[in-house]
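Below, each chain spelled out in residue letters.
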Amino acid sequence: MGLLSDPVRRRALARLVLRLNAPLCVLSYVAGIAWFLALAFPPLTQRTYMSENAMGSTMVEEQFVGGDRARGFARDFAAHRRKSGALPVAWLQRAMRSVGLEVYTQSFSRKLPFPDETHERYMVSGTNVYGILRAPRAASTESLVLTVPCGSDSTNSQAVGLLLALAAHFRGQIYWAKDIIFLVTEHDLLGTEAWLEAYHDVNVTGMQSSPLQGRAGAIQAAVALELSSDVVTSLDVTVEGLNGQLPNLDLLNLFQTFCQKGGLLCTLQGKLQLQDWTTLDGPLQGLQTLLLMVLRQASGRPHGPHGLFLRYRVEALTLRGINSFRQYKYDLVAVGKALEGMFRKLNHLLERLHQSFFFYLLPALSRFVSIGLYMPAAGFLLLVLGLKISSGVGLASLVAPLLISQAMGLALYILPVLGQHVATQHFPVAEAEAVVLTLLAIYAAGLALPHNTHRVMSTQAPDRGWMALKLVALIYLALQLGCIALTNFSLGFLLAATMVPAAALTKPCGPRPLYAALLVLTSPAATLLGSLFLWQELQEAPLSLAEGWQLFLVALAQGVLEHHTYGALLFPLLSLGLYPCWLLFWNVLFWK
């Protein structure tokens, strides 16, 4: 306490920090990167465990044997779908009624802000079909959801067949204390979002949909199923949701427990899980899996229908059946028994899942890193900004460069979608191309704008002017990265790992071309491009420069589209927050 209360010692500490500022910044940055890389190694990574007592035991006897029935439903569904060219709504209604469900439909439509060339759609309209199995042992106050998404280009017939076979099996049991909703959605995530908005009586994305005629209780948990074959070699689980949200860790533990009980091979990020963590191979593969999860979570995209349920405080997972050349082979009965066991244990819940972690990283299905262990990695990186702030000077009148940078960010957010029709009228491009080209044009224009109005408004000496502007930029960046890391650690860490070194080094003297190259290479757009190449490398599918650039353009269009369609926040965060902040450092670099 004496060090903090004694003014002499406080000034001595401040002088020491200023004198050793550069070495401390380097040490802090290296410590942050090293801490992150060490997260895949014990003791920072821990074994998963079940926190919810109601789901702590797997002593339930799975009785599902409807594999042949599931395959029959799948063949009929595929035949009717080929015949109609769309979701066979009438056939689904008959099939659900035949197994004893209350059946309802919901129509919806959505005009996208610009054509989605990836899925070839613009004016989207469709119908969702869902059936409700009422709980015989309780009032309709709580419910569970099993959902299957059906897109125009997806082959999910086996999942629909298994859903109907499970509905028939569940209908014959008397132990259900929660309603169970069997939901088949059209147009993938668009249908899921339309149904969720109508179920919770909200409209957050501008979706036009009919009200739901039938409801169950408050949804406690949901499982989305995607199968493309009667036989699977493994079940891959996806946890990353909209804006980096994650389900309660107990739900993932429940899935893994029943996979182990039934002998099912389960994977995470498409990677097999090594059990031996005493050698170096286990942690190294865990680090690869961890990096894949960080890149997925940082994107903010809903990587499956479960990602939209998380926004409504519904714990959810997406399970994908993988059929590869591995020697392990499982039929629909094995998958159905795993789902039956999961739903029977969720049926025992007396309250929402809340006792386990909501913030975690996964180097493997059997191991996790809690928030208390991974946040120091981001803390060390942000400490670099704090050390640089401590070496700054007082603030000055910097209104002009701040307003110009923020105005560029606002233009980057608003103009691409608003100006697409003007661009298509004057240039031979499609709407989606116009949006992406406008994004790139405004982004590049920010580099060329002469942010020199501060020379007119500032009365300080030139050196103190740029130091004051850098101080503001450092504080701005530190606040943004700190807030991002609290809600989406993966995104916050990636941005901090790339932007912090350039932010700390930038100044209008010294090797200015080197600083300019470093700033460009660590800009938000360059970080996105580099993340795409890193993702493909980790997936063992490297890209050429041309392929990477094309994927980058597609990612830009999808980012804007998902913000307007589902409410993904990555695009406004980069355009309204981090891009203007980055322009401030660019302004500092070319201060005259």
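What counts and what doesn't
The residue numbering used here restarts from 1 in each chain and proceeds along that chain's sequence as written. Local features are withheld for residues below a pLDDT of 70 in this predicted model, meaning they are given only at 70 or higher, and side-chain atom pairs are given and counted only at 80 or more; totals for whole chains, interfaces and linings count all residues. Water and hydrogen atoms play no part in the side-chain values, which are based on all heavy atoms of the structure. UniProt positions are given in the numbering used here, feature names are shortened, and annotations may be inferred rather than shown by experiment. Only protein chains enter the calculation, and the probe is 1.4 Å; a residue is then buried if its accessible area is under 20% of its type maximum, exposed if over 50%, and partly exposed in between. The helix and strand labels rest on DSSP assignments: H or I over at least four residues marks a helix, E over at least two residues marks a strand, and numbering proceeds from the N terminus. In this analysis, two residues are considered to be in contact whenever any of their non-hydrogen atoms come within 4.5 Å of each other. Each pair of strands is called paired provided DSSP finds at least two bridges between the two strands. Where helices are involved, their axes are fitted lines through C-alpha atoms of the stretch in contact, as for all axes, and angles between N-to-C directions lie from 0 to 180°. Orientation labels follow simple angle bins: below 35 degrees gives roughly parallel, above 145 gives roughly antiparallel, 65 to 115 gives roughly perpendicular, and whatever is left gives oblique. With the far helix as reference, a near helix turned anticlockwise by less than a right angle produces a left-handed crossing, and one turned clockwise produces a right-handed crossing. The term salt bridge refers to a pairing of a side-chain nitrogen on Lys or Arg with a carboxyl oxygen on Asp or Glu at a separation within 4 Å. Note on disulfides: each one is a pair of cysteine sulfur atoms within 2.5 Å. Under the convention used throughout, the expected extent of a helix is 1.5 Å for every residue step, that is, one less than its residue count. Throughout this description, a polar contact denotes any pair of N or O atoms lying within 3.5 Å of each other; where both atoms belong to protein, one of them has to be capable of donating a hydrogen while the other can accept it, and for residues adjacent in sequence the pair is counted only when both atoms sit in side chains. For this analysis, a nonpolar core means a set of buried residues of the types Ala, Val, Leu, Ile, Met, Phe, Trp, Tyr and Cys, connected via side-chain atoms within 4.5 Å. Any residue that is not Ala, Val, Leu, Ile, Met, Phe, Trp, Tyr, Cys, Pro, Asp, Glu, Lys or Arg is counted as polar, Gly included; the first ten are nonpolar and the last four charged. Only rings of Phe, Tyr and Trp enter the pairing, Trp through its six-membered ring, and a pair is recorded when the two centres are within 6.5 Å. The plane angle decides the type: under 30 degrees is stacked, over 60 is edge-to-face, the rest tilted. Criterion for a charge above a ring: Lys NZ or Arg CZ within 6 Å of the ring centre, and within 35 degrees of the ring normal.

Looking at an unreviewed UniProt entry, one finds the protein chain named GPI-anchor transamidase component GPAA1, with Sciurus carolinensis as its source organism. Database annotation for the protein chain, UniProt heading Subcellular location (unreviewed entry): "Endoplasmic reticulum membrane". Annotation of the protein chain in UniProt includes, under Subunit (unreviewed entry), the sentence "Heteropentamer. Part of the GPI-anchor transamidase complex, consisting of PIGK, PIGT, PIGS, PIGU and GAA1. Interacts with PIGK."

Bringing helix 5 (residues 89-98) into the picture now. Those residues of helix 5 that sit buried are Trp91, Leu92, Gln93, Ala95 and Met96. On its buried face, helix 5 is in contact with helix 4 (67-84), strand 2 (102-116), strand 3 (121-133), helix 6 (157-171) and strand 5 (179-186). Downstream of helix 5 by one or two residues, Gly100 has phi in the positive range, about 95°.

For residues that are not glycine, phi is negative in most cases, and the peptide bond is trans in most cases. The amide bond that connects Pro42 to the next residue, Pro43, takes the cis arrangement and shows omega of 5°. Relative to the elements of secondary structure, Pro43 occurs in the loop between helix 3 (21-37) and strand 1 (46-47).

Strand order in the open sheet formed by 9 strands is 6-2-3-5-4-7-10-8-9, and the pairing between neighbours is mixed. What marks the edges here is a single partner per strand, and that holds for strand 6 (208-209) and strand 9 (266-268). Direction of pairing for strand 4 (residues 142-150) relative to strand 7 (residues 218-226): parallel, over a ladder of 6 bridges. Bridging from a neighbouring strand, Val145 pairs with Ala222 of strand 7.

With their axes 10 Å apart at the nearest point, helix 15 (residues 431-448) and helix 22 (residues 570-589) run at an angle of 25° to one another. In terms of axis orientation, helix 15 runs roughly parallel to helix 22. Viewed along their axes, helix 15 and helix 22 form a crossing whose handedness is right-handed. When helix 15 is examined against helix 22, the residues Leu439, Ile442, Tyr443, Gly446 and Leu447 are found in contact with a partner set consisting of Phe571, Tyr579, Trp582, Leu583 and Trp586.

A word on the pattern of salt bridges. Here the structure, examined in full by the defined rule, presents 11 salt bridges. Residue Asp68 pairs with Arg71 through a salt bridge whose shortest N-O separation is 2.4 Å. Here Asp68 and its partner Arg71 are both found in helix 4, 3 residues apart, which amounts to about one turn of the helix. Its relative accessible area of 61% is what places Asp68 among the exposed residues.

What follows covers the state of the cysteines. Summed over all chains, the structure comprises 0 disulfides. Free cysteine: Cys509, not disulfide-bonded; nearest cysteine sulfur from Cys25 at 16 Å.

Turning next to the UniProt feature "transmembrane region" (unreviewed entry) in the protein chain. The sites that UniProt annotates as "transmembrane region" (unreviewed entry) are residues 20-41, 357-385, 392-414, 434-450, 471-494, 514-535, 542-561 and 567-590. End-to-end, the C-alpha atoms of residues 567-590 are 36 Å apart, and along that stretch the chain is 83% helix and 0% strand.

Under the 1.5 Å per step criterion, the end-to-end length of helix 15 is 26 Å for 18 residues, consistent within 8% with the ideal 26 Å. Ala432, Ala434, Val435, Val436, Thr438, Leu439, Ile442, Tyr443 and Gly446 are the residues of helix 15 that are buried.

In this section: the side chain of Lys470. By the secondary structure assignment, Lys470 is in helix 17 (residues 462-487). The buried category is assigned to Lys470, whose relative accessible area is 10%. Within the structure, the side chain of Lys470 is placed 2.7 Å from the backbone oxygen of Thr506, a separation counted as a polar contact. Lys470 has contacts with Ala503, Ala504, Leu505, Thr506, Phe585 and Val588, leaving out every residue within four places of it along the chain.

Glancing now at the sheet that holds strand 12 (residues 367-370). Strand pairing in a sheet relies on backbone hydrogen bonds, with the paired strands running either antiparallel or parallel. The 3 strands lie next to each other as 1-12-11, forming an open sheet whose pairing is antiparallel. With one partner strand each, in any of the chains shown, strand 1 and strand 11 (360-364) form the two edges of the open sheet.

Moving on: the nonpolar core. Of all hydrophobic cores here, the largest spans 174 residues; its most connected members are Leu162, Trp195 and Phe255. Leaving out residues up to four positions away in the same chain, Trp195 has contacts with Gln106, Asn128, Tyr130, Val145, Ile181, Leu183, Leu212, Ile219 and Phe309.

Packed helices, taken two at a time, are described by the angle between their axes plus the distance between the axes. As a packed pair, helix 18 (residues 489-505) and helix 22 sit with axes 12 Å apart at the nearest point and diverge in direction by 15°. Judged on the interaxial angle alone, helix 22 and helix 18 are roughly parallel. For the element pair helix 18 and helix 22, the recorded crossing hand is right-handed. In this structure, helix 18 contributes Leu491, Leu495, Met499 and Ala503 to the contact, and helix 22 contributes Leu570, Leu573, Leu574, Leu578, Trp582 and Phe585. The class makeup of the residues in the contact of helix 18 with helix 22 is 10 nonpolar, no polar and no charged.

This structure, assessed with the given rule, holds 21 aromatic pairs. Measuring from ring centre to ring centre gives 4.2 Å for Phe36 and Phe493, while their planes differ by 25°; the resulting arrangement is stacked. Of this pair, Phe36 sits in helix 3 while Phe493 is found in helix 18, placing the two residues 457 residues apart along the sequence. Like Phe36, the residue Phe493 is buried in the burial classification. Cluster of aromatic residues (ring-pair linked, three or more members): Phe170, Tyr175, Trp176, Phe182 and Phe343. The ring of Tyr199 carries the charged tip of Arg215 above its face, separated from the ring centre by 5.7 Å. For the cation-ring pair, Arg344 lies above Tyr175, with the distance from its terminal atom to the ring centre recorded as 4.2 Å.

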